Amino acid sequence: MLVTWQYRIRNSLMETFDPRARWIFSLIFLVSISLFWDVRFLAVFFILAFAWYASARVSFKETRRAWVLIAFILFMMIFIGTIITGGGAAGILPEKTHPVVIWNWTVPLTGWPIVFRLTYERLWFALAQMLRVLAISAIFVIIPYSMDPRLYGFTFRGMGFHDRVAYSMDLAFRYVPTLARDFSVTLDAQRARGYEIERVEGGLIAQIGKIAPLIVPVTMNSIISGEDVTNAMDLRCFGIKPRTWLEKTDFHRRDVYLMIFTGVMLIASIVLSTVFHFGVFWMPAWLIPA
Amino acid sequence: MNKKSIWSFGTREVVYSAIGAALYAVLSWATNFLQIPAAGNVAFRPAVAIPMFFGVVFGPIVGFISGFLGNIIGDLLSGYGFWPWWDLANGIMGFVAGLVVLAGLKGYKGWSNIFKAEVFIVIGVLVAAAEAAASEIWVSGVDVPTTIATNFVPTIIPNLINGLILVPILMVAYDAIASRSGR
Amino acid sequence: MDREPYITVDKLTFQYHSRTEPAISDISFKVYPGEVLLIAGSSGCGKTTLMRCINGLIPHTYRGDMSGEIRLLDKPVSEMAMSDLSQTVGTLLQDPERQIVGSYVRNEVAFGLENLGFSREEIIRRVDETLEYLGILHLRDRETFSISGGEKQKVALAGVLVMQPKVLLLDEPLASLDPSSAHEALKLFRDLADKGIAVVIVEHRVEDVLSINPDRVLYLDAGKQEYYGDSSGLMKVVDYHRIKLPARIIMERAKTEQVIEFKPLLSPQAGEALVKFDHVSFRYREDLPDVLHDVSFQVGKGDVIAILGHNGAGKTTLVKHALGLLKPTDGRVLLEGKDTRKVTVAQAAHTIGYVFQSPTQMLFAPSVKEELAFGPKNLRYTPDTIQKNVDWAIHTVHMEAELETPPLALSFGQQKRVSIASILSMRSRILMMDEPTAGQDYWNYNQFMDAILQMPGFDSVLFITHDVDLAVVYANRILLVFGGQIVADGSPAEVLKDKEQLRRCRVLPTTLLQVNEQYYEQTGRFLRAEELAKRI
């Protein structure tokens, strides 16, 4: 079993930015967009997010699986939110709403009432929710495809993490292929003993316990090897003084511009939403029936 | 063995954080992404026991990094993106499980030790769920009933069941190797 | 000698806090610049502890009581800081896989210098120099995961040499190498000594190390120094059952000793093929080259087959096909007449029991008993049969006393025996073993190979090895594998005759093979050295 990272070099516009700048932009974007429920502002963020996404030059085919999952979750949020709460949406919507339809229904036998109440506000809010979730998704889905795994440790070091924490990341990436191989060896070794993971039998506990022959050897083996790894690192002076990181990325002028933009985005968002109260739910007046 | 603070973070902790994270990522990827139908449909993520177990054995910080970083790497492998509040929730599960040391864990087998660990696993899963739910409510604008329906049922229950069943199995196995180190 | 010794060990004793006995006691020796010291001993002799005393892990990370003295370049180790130590002593751990912490070769080699805070330019210069010296500059930008075992060791060594140590400690450096890579590695170690480094090699493959003429040999047994002197004296004192010596020396010494004869139970018989490979080719992906190419052979009743070849020749891929863990891309594999594409691995396990190389990759149960019952339970045997099989298997490996012990708490040698027993308990007709000697010391593997091949219960036994002697002593047939093809198939005497072909296949003839060939007309079959001594 060979693991493969989703990352590869694509000679894209996004890759010309320093990874640290990209991380900071992405996280600040999350904070900024989360201050708004106004579709007009969300639309701006939405366009910005997909422009950013497009700059990575990743084909839809590669990210399809992630988008299917996001679409499913989004659908559940909107659908269940609509059915169960009938348009409350966590106190974001105004108290007075205008129904499109109201259905009352009782669950047979138990007698539980179910009210399906679809309102104009709820529909408009669903649009806002969709814009917001999709914009955030665009920013974050692209990360595995555009960020070189070998730069994670260094990048996080550059963002202020301690050497040791940052190196944990590098080391974790180092072990991913090794453990994937160990896992497949163990799977083969147990299959050679007649173990069939696909056979479902027994109760809940027995079913979950069935993973033990795989998970126990791989885990214990890696823990035992950890002792040697620790020695190997101590013997080469890990953690006794601030380390030099061989990996290096440079902050260029365009990174500075990106950071200025990010700062402006954050400040503008805070000012617009808290001082001018533009963040709250908004709906065009002509849409609300008299 | 000299007693160290549960908050110390030396080479050994760096190594086990990294191994825990890589293991969590690889196992979630292998059992979920590759659709090995491990243990039917209930346990769609048995790997979640890994950060909890690493927390119990190596302390809260190792538990946290295993869960937090492991979830990030798992998503990198599957291409699902980067979801900071869910990564944090995974970290919390490992972290809280690691706090069991404060309850006076005296080894890794026997009912009393396992029971203590189980209590902290349950607390960890619930705290993590609360954090994730609060983030979802803030970020996605869903309300409490919706987040329960979309998050509680599909994630909390499997996490609890997997943790409660698999962590003790791993603890008992670890007890057998724990004595072999001369440190 | 007017030079100062690099290492001085004087009456060294050490006991871990967690143990009741000292791990090593009363050890004394010196190593001078440019010398190679061989520390010989079987597992558990205290060599790991001794190494930790020299490289400073004791007392820096491992706690215990130490007496006596240990000095590096005339400074006591206990007074040196880890940063000084690391630039004085370089340690290569047994398993390069565990030593390598970088994802890419360049990062791995740079690791120590990064930690010491050297400038980037200095690091890059030194890394390139070191890689160049070891002849692996071409690997610099490769992933450490994807390079071969021999290359991994060189990369790990580069990571140590880049710190420019005066002393080099090598912990069983040959363990993960096939004989021809081991030979190259040893030449390199001698070369390093010639450059003025003091080299300490800890190894139980003594015969191999002797080929580079170590200046001194220290023989450890149960933590005590049994011998310290030149290599010729060693041959007279060590137990040749525990430490492998050159065949002629064993023969010389065995003349006067009682020898237990090895009586193989199986011999080739005519009849139906148990396993048949029919023009099998295999590749992992359509766009990748063949790993196996047009392989045809069959396994019959009574065959004891050594699948011989260097690391990466395709041996493991080959045997995985027999069990159906891999299915051929072209051709077919028949197991008792049935195509492996049409049977599940679990069904195939009734016919073939496959022992994987490392026991730690399969042991999981809370007790040995449950571990042994796992296979037969999966195969849906009745509780009575399972009980009977478990009893038989545990008896075969002589581990009745450990039935209730967790397998993970056992020593590595015992774990290996449990892993074999857990396959035996399925009572498959054929036993297949991948590198049965890996990680085992000489005495251990001879013990269980003897036991397995002298016990009834199998129609045929196959084992993968890169060790010619294992094939010489135990096999009645050899398949020589190279580049994914079978280049020779026949009796050991036939296959091992063509030295040119062996060399091409990166298989090294041994002293045992030489003496056996010399006396072949008298004996009619290959024997181990001590038996040979009695026959001639």
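Everything numeric here is computed off the predicted structure, so don't read it as measured data. (Residues numbered from 1 in each chain as written. Chains lettered and ligands numbered in written order. Predicted model: local features only at pLDDT ≥ 70, side-chain atom pairs only at ≥ 80, totals over all residues. Heavy atoms only, no water.)

Caption draft 1: Region of interest: the overall build of chain A. Broken down by element type, chain A carries 10 helices and 2 strands. Overall, chain A shows an N-to-C arrangement of helices and strands of α-α-α-β-β-α-α-α-α-α-α-α. Compactness check: chain A gives a C-alpha radius of gyration of 25 Å against a globular reference of 19 Å for 290 residues, more than 25% above the reference. In the form shown here, chain A has an accessible surface area of approximately 12900 Å², with 69% of it arising from carbon and sulfur atoms. Chain A carries 28 positive and 20 negative side-chain charges, and their two centres are separated by 5 Å. (Helix = DSSP H or I, 4+ residues; strand = E, 2+ residues; numbered from the N terminus. Rg over C-alpha atoms; globule rule 2.2 N^0.38 Å. Areas by Shrake-Rupley, 256 points an atom, 1.4 Å probe, with all protein chains shown as cover. Lys, Arg positive; Asp, Glu negative; His and termini not counted. Charge placed at Lys NZ, Arg CZ, Asp CG, Glu CD.)

Caption draft 2: Expanded view of the sheet that holds strand 11 (residues 273–282) of chain C. Residue and element names in this part refer to chain C. With antiparallel pairing, 4 strands are arranged side by side in an open sheet as 12-11-14-15. Looking at which strands have only one partner, the edges of the open sheet turn out to be strand 12 (292–300) and strand 15 (338–339). Here strand 11 pairs with strand 12 via 6 bridges, running antiparallel. The partner of Lys-276 across the bridge, within strand 12, is Gln-298. Most of the contacts of helix 12 (residues 315–323) go to strand 11, to which it runs at about 125 degrees, and overall it touches strand 11, strand 12 and strand 14 (330–335). (Pairing = 2+ DSSP bridges. Contact = heavy atoms within 4.5 Å. Axes fitted to C-alpha atoms, helices over the stretch in contact; angles between N-to-C directions.)

Caption draft 3: Expanded view of empty space enclosed by the protein. Residue and element names in this part refer to chain C. In total, this model carries 4 cavities of 30 Å³ or more according to the counting rule given. Of the pockets and cavities examined, the largest cavity occupies roughly 60 Å³. Around the largest cavity sit Val-275, Phe-277, Phe-297, Val-299, Ile-307, Leu-318, Val-319, Ala-322, Ile-352, Ile-430, Met-432 and Leu-462, which together line it. Secondary-structure elements contributing two or more residues to the lining of the largest cavity are strand 11, strand 12, helix 12 and strand 17 (430–434). It is helix 12 that contributes the most residues to the lining of the largest cavity, 3 residues altogether. Partitioned by chemical class, the residues of the lining of the largest cavity number 12 nonpolar, no polar and no charged. Reported here for the second largest cavity is a volume of approximately 50 Å³. (1 Å grid on protein atoms, 1.4 Å probe; cavity = no way out; pocket = protein on both sides within 12 Å on 5 of 7 lines; lining within 4 Å. Points joined across faces, edges and corners; volume = space filled by probe spheres on them. Nonpolar A, V, L, I, M, F, W, Y, C, P; charged D, E, K, R; others polar.)

Caption draft 4: Broad picture of a nonpolar patch on the surface. All names here are of chain A. On the surface, a nonpolar cluster with roughly 440 Å² of combined accessible area is contributed by Val-100, Val-101, Trp-103, Tyr-120 and Leu-123. Considering each element in turn, the nonpolar patch owes the most residues, 3 residues, to strand 1 (residues 99–106). Structurally, Trp-103 is set in strand 1. We classify Trp-103 as exposed; its relative accessible area is 54%. (Patch = residues over 30% accessible without salt bridge, like charges linked within 9 Å, V, L, I, M, F, W, Y side chains within 5 Å. Salt bridge = Lys/Arg side-chain N within 4 Å of Asp/Glu carboxyl O. Buried < 20%, exposed > 50% of the residue type's maximum accessible area, 1.4 Å probe, protein only.)

Caption draft 5: Fine view of the interface of chain A and chain C. Counting residues at the interface gives 52 residues for chain A and 62 residues for chain C. Summing the contributions of chain A and of chain C, the shared interface buries around 5200 Å²; its carbon and sulfur component is 56%. Contact with chain C buries area across many residues of chain A, yet A:Arg193, A:Arg236 and A:Leu246 alone supply 20% of it, more than any other trio. Viewed at the interface, chain C and chain A are joined by 7 salt bridges. Between C:Glu114 and A:Arg243 there is a salt bridge; the shortest N-O distance is 2.8 Å. Scanning the region where chain A abuts chain C turns up 23 residue pairs in polar contact (both at pLDDT 80 or more). When residues of the side of chain A that touches chain C are traced back to their parent elements, those giving at least two are helix 7 (163–191) and helix 9 (212–235) of chain A. The greatest single-element share of the side of chain A that touches chain C, amounting to 16 residues, is contributed by helix 9 of chain A. (Buried area = accessible area lost by both parts, 1.4 Å probe. Polar contact = N/O pair within 3.5 Å; in protein donor to acceptor, adjacent residues only side chain to side chain.)

Caption draft 6: Quick peek at the sheet that holds strand 18 (residues 460–465) of chain C. Residue and element names in this part refer to chain C. If you walk across this open sheet you meet the 6 strands as 16-17-18-13-19-20, and the pairing is mixed. Both edges of this open sheet fall to strand 16 (352–355) and strand 20 (485–490), since each of them pairs with a single strand only. The sheet shows a mean angle of 15 degrees between the axes of neighbouring strands, direction not considered. Inspection of the sheet shows strand 13 (residues 304–308) paired to strand 18 by 5 bridges, in the parallel sense. The partner of Ala-306 across the bridge, within strand 18, is Phe-463. Packing of helix 16 (residues 412–424) onto the sheet brings it into contact with strand 16 and strand 17, and relative to strand 16 it is tilted by some 165 degrees. Sitting on the sheet, helix 17 (residues 442–453) touches strand 13, strand 17 and strand 18, and the angle it makes with strand 17 is about 165 degrees.

Caption draft 7: The interface of chain A and chain B, seen in detail. Opposite the 74 residues of chain A that make contact, chain B presents 70 residues. Each partner contributes to the roughly 6200 Å² buried at the junction of chain A and chain B, and carbon and sulfur atoms together form 79% of this total. There are 0 salt bridges connecting chain A and chain B. Summed over the shared surface of chain A and chain B, the number is 8 residue pairs in polar contact (both at pLDDT 80 or more). Sorting the residues of the side of chain A that touches chain B by element identifies helix 1 (19–33), helix 3 (60–85), helix 4 (120–141), helix 5 (143–146), helix 7, helix 8 (204–209) and helix 9 of chain A as the ones contributing at least two each. Top contributing element to the side of chain A that touches chain B by residue count: helix 9 of chain A, with 16 residues. When its residues are assigned to classes, the side of chain A that touches chain B shows 53 nonpolar, 15 polar and 6 charged.

Caption draft 8: Molecular detail of the side chain of A:Arg174. Among the secondary structure elements, A:Arg174 is positioned in helix 7. Overall, the relative accessible area of 3% leaves A:Arg174 in the buried class. From its side chain, A:Arg174 meets the backbone oxygen of C:Glu97 in a polar contact 2.8 Å long. Leave out the neighbours within four places in its chain, and A:Arg174 touches C:Glu97, C:Ile100, C:Val101, C:Gly102, C:Ser103 and C:Thr144.

Any link to function would need more than the numbers given here.
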